[in-house]
Amino acid sequence: MLTPEVPMSHSVAGEPPSAGRRAAPLTTAVYSAVEWDLLSSLPGRVLVAAAAPAPGRPERGVMAGLAGLDAVAAGRASDSDLVRAVVAAIYARHDGASPPERLTDLVDLLAACRAASRVLGRRADPADSAAYRQWVQSVAARVCRAVPGPGERRVDQPAAPADRRFLDRLGAALGLG
């Protein structure tokens, strides 16, 4: 279970900086358990929403889910302490230790994205905030551009118009433009 406050540092990420990556000073931002749950659950919620069937969007296959999981895992190599810490928290959850999966509608997901952006604006280093928000957006983009099923569409095809609208709304909620 999370402690009431989760300070951001390399120790929270569970790994020292890799070769070539400068050691960042201990971040003074502190997240409450509720804030940390929001930040660490949002990538999974975005993956689920991007993979879910919706009007005007193609059916998603296993490859789309795997592309989303790969995008989440790619956060382990991020230059951002925050992104690496979130990935470590996601991987630390296992067998009943994680909160129940929240299957929410798009309105709830976009509200969660806006809330996460506000938390990051108050508590995170601007570079970590930007890296986190771009990483979460990349999870959805990878799912939307993945193969939905055998022979239906190549990997990294341009997103369908409905997917593009979804990605645009997600980006706006994350404060990406």
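The preceding data block contains the structure.
The residue numbers shown here count from 1 along each chain, following its written sequence. Given that this is a predicted model, residues contribute local features only at a pLDDT of at least 70 and side-chain atom pairs are listed and counted only at 80 or more, while totals for whole chains, interfaces and linings are drawn from all residues. Side-chain measures were taken over the full set of non-hydrogen atoms in the model, leaving aside hydrogen atoms and water.

## Comments concerning the packing of aromatic side chains
Cut-off, in case you're wondering: Pairing of aromatic rings covers Phe, Tyr and Trp, the last through its six-membered ring, and needs centres within 6.5 Å; plane angles under 30 degrees mean stacked, over 60 mean edge-to-face, and all others mean tilted. Exposure classes here rest on a 1.4 Å probe applied to the protein chains alone. A residue is buried below 20% of its type maximum, exposed above 50%, and partly exposed in between. Helix and strand labels come from DSSP, where a helix needs a run of H or I of at least four residues and a strand needs a run of E of at least two; each type is numbered from the N terminus.
As enumerated under the stated definition, the model contains two aromatic pairs in all. Considering the side-chain rings of Tyr 31 and Trp 36, the 6.0 Å spacing of their centres and the 45° angle between planes classify their relative orientation as tilted. A residue is classified by how much of its surface remains accessible, and Trp 36, at 2% relative accessible area, is buried. Note on Tyr 132 and Trp 135: the rings are 6.0 Å apart at their centroids and 65° apart in plane angle, and the pair reads as edge-to-face. With Tyr 132 and Trp 135 both in helix H6 (residues 126-144), this residue pair falls three residues apart, about one helical turn.

## Remarks on the packing of helix H3 (residues 62-74) against H6
Helix-helix packing is characterised by the crossing angle of the two axes and by the distance between the axes. Spelled out, the test is: What counts as an axis is a line fitted to C-alpha atoms, over the stretch in contact for a helix, and the angles between N-to-C directions run from 0 to 180 degrees. Any angle between 65 and 115 degrees counts as roughly perpendicular, while under 35 counts as roughly parallel, over 145 as roughly antiparallel, and the rest as oblique. In a left-handed crossing the near helix is turned counterclockwise from the far helix by less than a right angle, and in a right-handed crossing that turn is clockwise. A contact between two residues is defined here by any heavy atoms of the two lying within 4.5 Å.
One way to put it is that H3 packs onto H6 with a least axis distance of 7 Å and a crossing angle of 160°. By the criterion of interaxial angle, the relationship of H3 to H6 is roughly antiparallel. As for the relative orientation of H3 and H6, their crossing is right-handed in sense. Counting all contacts with H3, which are made through Ala 64, Ala 67, Gly 68, Asp 70, Ala 71 and Val 72, the residues of H6 involved are Trp 135, Ser 138, Val 139, Arg 142 and Val 143.

## Notes on the packing of helix H2 (residues 33-51) against H6
We count it as follows: The classification used treats Ala, Val, Leu, Ile, Met, Phe, Trp, Tyr, Cys and Pro as nonpolar, Asp, Glu, Lys and Arg as charged, and all other residues, Gly among them, as polar.
At a closest axis distance of 8 Å, the pairing of H2 and H6 adopts a crossing angle of 20°. Taken together, the axes of H2 and H6 lie roughly parallel to each other. The interaxial crossing formed by H2 with H6 has right-handed handedness. Across the interface between the two elements, Leu 38, Leu 39, Leu 42, Pro 43, Val 46, Leu 47, Ala 50 and Ala 51 from H2 touch Tyr 132, Trp 135, Val 136, Val 139, Ala 140, Val 143 and Cys 144 from H6. Along the lines of polarity and charge, the residues of the contact of H2 with H6 split into 15 nonpolar, no polar and no charged.

## Some details on a nonpolar patch on the surface
So the rule is basically this: Distance thresholds for patches are 9 Å for like charges and 5 Å for nonpolar side chains (Val, Leu, Ile, Met, Phe, Trp, Tyr), applied to residues having over 30% relative accessible area and no salt bridge. Calculation of accessible area relied on Shrake-Rupley with a 1.4 Å probe; when residues are assessed, cover is drawn exclusively from the protein chains displayed. Put simply, a salt bridge is a Lys or Arg side-chain nitrogen that is within 4 Å of an Asp or Glu carboxyl oxygen.
A contiguous nonpolar surface patch, about 410 Å² in accessible area, is contributed by Val 62, Met 63, Leu 66 and Leu 69. Inspection of the secondary structure puts Met 63 in helix H3. Classification of Met 63 by relative accessible area gives partly exposed; the value is 45%.

## Concerning the nonpolar core
Selection rule: We define the nonpolar core as a collection of buried residues of types Ala, Val, Leu, Ile, Met, Phe, Trp, Tyr and Cys that are connected through side-chain atoms lying within 4.5 Å of one another.
Membership of the largest hydrophobic core comes to 43 residues, with the highest contact counts inside it found for Leu 42, Tyr 132, Trp 135, Phe 166 and Leu 170. Counting residues per element, the ones that place at least two in this core are H2, H3, helix H4 (81-92), helix H5 (106-123), H6 and helix H7 (161-173). Here Trp 135 is in contact with Pro 43, Ala 71, Val 72, Gly 75, Val 83, Val 86, Val 87 and Ile 90, once residues within four sequence places are set aside.

## Regarding the environment of Ala 74
Here Ala 74 lies in helix H3. Residue classification places Ala 74 among the partly exposed residues on the basis of a relative accessible area of 41%. Along the sequence, Ala 74 and Arg 84 sit ten residues apart, while their C-alpha atoms lie 9.2 Å from each other.

## What to know about the pattern of salt bridges
Inspection of every chain in the model, using the stated rule, returns five salt bridges. Of the charged contacts in the structure, one is a salt bridge between Arg 122 and Glu 35, with a shortest N-O distance of 3.3 Å. Remark: Glu 35 occurs in helix H2 and Arg 122 occurs in helix H5; sequence separation between them is 87 residues. A salt bridge links Arg 123 to Glu 35; the shortest N-O distance between them is 3.1 Å. Taken as a pair, Arg 123 in helix H5 and Glu 35 in helix H2 lie far apart in primary sequence, 88 residues in all. Relative accessible area serves as the criterion here: at 9%, Glu 35 is assigned to the buried category.

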